[in-house]
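A look at the structure
Listed here are the chains, written in short residue letters.
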Amino acid sequence: MNPGGSRRPLHGWTLITADVLICLAWAGSVWAALHVEAGPAVRTVALFVHLGALVIGLGSVLTIDYYGALWLLGRRSLRQALEFADPLHVPVWAGLAGLVLSGIALDPDPQAPLTRVKLVLVLLVALNGVHAQALHRTLVGQGGALPLRRLLVRGVISAVLSQLGWWGAVTIGFLNSRS
């Protein structure tokens, strides 16, 4: 922690290491999904956990993005939006982790094109989350000053990727559940 109380921004090797760890965890979960055979009772519990994790993760993402929109509309200060979003990173990551872990037991079909797209979307959401959190820390480190244009562009790109990733995965999960 620095004297201002905010965490140091993630840069360089720290971000690369986080990205590599996310990719390894993702690959491990895909491997596990191919090798785990869960019975009907376990799949039922996994589905309940999956839906609960979705509520926690996506709900937190929507809340963060809502506060970002309030800032863009001038209804909240940047400092307020950042302070509000800070504790929500934990439920976002917990929700994503719960989705990945429970998804292993839901017998995904990696040969199905939509499932492959969903797996890529999950990886995109996780990698984007690392970089969104790094951006958040950078903005907090600026002490609420108006961010540079490039940081605003990064924030918009991150929010759009997040929404596309989460809603794309939700849509594919819904479509896969119907077949």
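Nothing here was measured: the structure is a model prediction, and the numbers come from that model.

The rules we used
- Each chain carries its own residue numbering, running from 1 in the direction its sequence is written.
- Totals for whole chains, interfaces and linings use every residue, but because this is a predicted model, local features are given only for residues with pLDDT of at least 70 and side-chain atom pairs only at 80 or more, for both listing and counting.
- Side-chain calculation: all heavy atoms of the structure are included, whereas hydrogens and water are not.
- Comment: elements are numbered from the N terminus, with helices defined as DSSP H or I runs of at least four residues and strands as E runs of at least two.
- As defined in this context, the radius of gyration uses C-alpha atoms, and a globule is described by 2.2 Å times the residue total to the power 0.38.
- Think of it in three bands: residues with accessible area under 20% of the maximum for their type are buried, residues over 50% are exposed, and the middle band is partly exposed, with areas taken using a 1.4 Å probe on protein chains only.
- For this analysis, residues touch if any pair of their heavy atoms sits within 4.5 Å.
- UniProt positions are given in the numbering used here, feature names are shortened, and annotations may be inferred rather than shown by experiment.
- Note on aromatic pairs: the rings of Phe, Tyr and Trp (six-membered ring only in Trp) are paired at centre separations within 6.5 Å, and the planes decide the class, stacked below 30 degrees, edge-to-face beyond 60, tilted for the rest.
- Working convention: axes come from line fits to C-alpha atoms, limited for helices to the stretch in contact. Angles between N-to-C directions cover 0 to 180 degrees.
- An angle below 35 degrees is treated as roughly parallel, one above 145 as roughly antiparallel, one from 65 to 115 as roughly perpendicular, and anything else as oblique.
- Only Asp, Glu, Lys and Arg are considered charged, only Ala, Val, Leu, Ile, Met, Phe, Trp, Tyr, Cys and Pro nonpolar, and every remaining residue, Gly among them, polar.
- Multiplying 1.5 Å by the helix residue count minus one yields the expected span of that helix.

A short note on the overall build of the protein
Broken down by element type, the protein carries six helices and zero strands. Across the protein, helices and strands are ordered from the amino to the carboxyl terminus as α-α-α-α-α-α. Taking 2.2 N^0.38 as the reference for a compact globule, 179 residues should give roughly 16 Å; the C-alpha atoms of the protein span a radius of gyration of 18 Å, in line with that estimate. Each principal axis of the C-alpha atoms in the protein carries an extent, and together these give about 55 × 35 × 25 Å. Burial status across the protein gives 35% buried among its 179 residues. Residue pairs in contact within the protein that sit at least 24 positions apart in sequence constitute 85% of those at least 6 positions apart.

Quick word on the side chain of His50
Along the chain, His50 turns up in helix H2 (residues 40-72). Given a relative accessible area of 14%, His50 falls into the buried group. Not counting residues up to four positions away in its chain, the partners in contact with His50 are Leu99, Ser102, Gly103, Leu106 and Lys118.

Side note on the UniProt feature "transmembrane region" (unreviewed entry) in the protein
Under the local residue numbering, the UniProt record ascribes the feature "transmembrane region" (unreviewed entry) to residues 12-34, 46-67, 88-106, 112-130 and 151-175. The annotated region residues 12-34 carries 100% helix and 0% strand content, and the separation between its end C-alpha atoms amounts to 33 Å. End C-alpha atoms of residues 151-175 are separated by 36 Å, and the span's content is 100% helix alongside 0% strand.

Overview of unusual backbone geometry
Its identity as a non-glycine residue notwithstanding, Asp107 has a phi of 55°, on the positive side. Along the chain, the position of Asp107 falls in the loop between helix H4 (89-104) and helix H5 (113-141).

What to know about the packing of aromatic side chains
Inspection of every chain in the model, using the stated rule, returns two aromatic pairs. Considering the side-chain rings of Tyr66 and Tyr67, the 6.2 Å spacing of their centres and the 75° angle between planes classify their relative orientation as edge-to-face. Classification of Tyr66 by relative accessible area gives exposed; the value is 52%. Centroid distance Tyr67 to Phe84: 3.7 Å. Interplanar angle 10°. Geometry classified as stacked. With Tyr67 in helix H2 and Phe84 in helix H3 (residues 78-85), the pair connects residues that are 17 residues apart, well separated along the chain. For Tyr67, a relative accessible area of 16% corresponds to the buried category.

Some words on the packing of helix H1 (residues 12-35) against H4
Two numbers describe how H1 lies on H4: the axes approach to 8 Å, and their chain directions differ by 30°. The angle between H1 and H4 places the two elements in the roughly parallel class. Taking contact as the criterion, the partners of Ile22, Ser29, Ala32 and Ala33 in H1 are, on H4, Trp93, Val100 and Ile104. Within the contact of H1 with H4, the residues separate by chemical class into six nonpolar, one polar and no charged.

A closer look at H2
Taking 1.5 Å of rise per residue, the 33 residues of H2 would be expected to cover 48 Å, and the 47 Å separating its terminal C-alpha atoms lies within 8% of that figure. Residues of H2 that are buried: Ala46, His50, Ala53, Gly57, Leu58, Ser60, Val61, Tyr67, Leu70 and Trp71. Packing partners of the buried residues in H2 comprise H3, H4, H5 and helix H6 (149-178).

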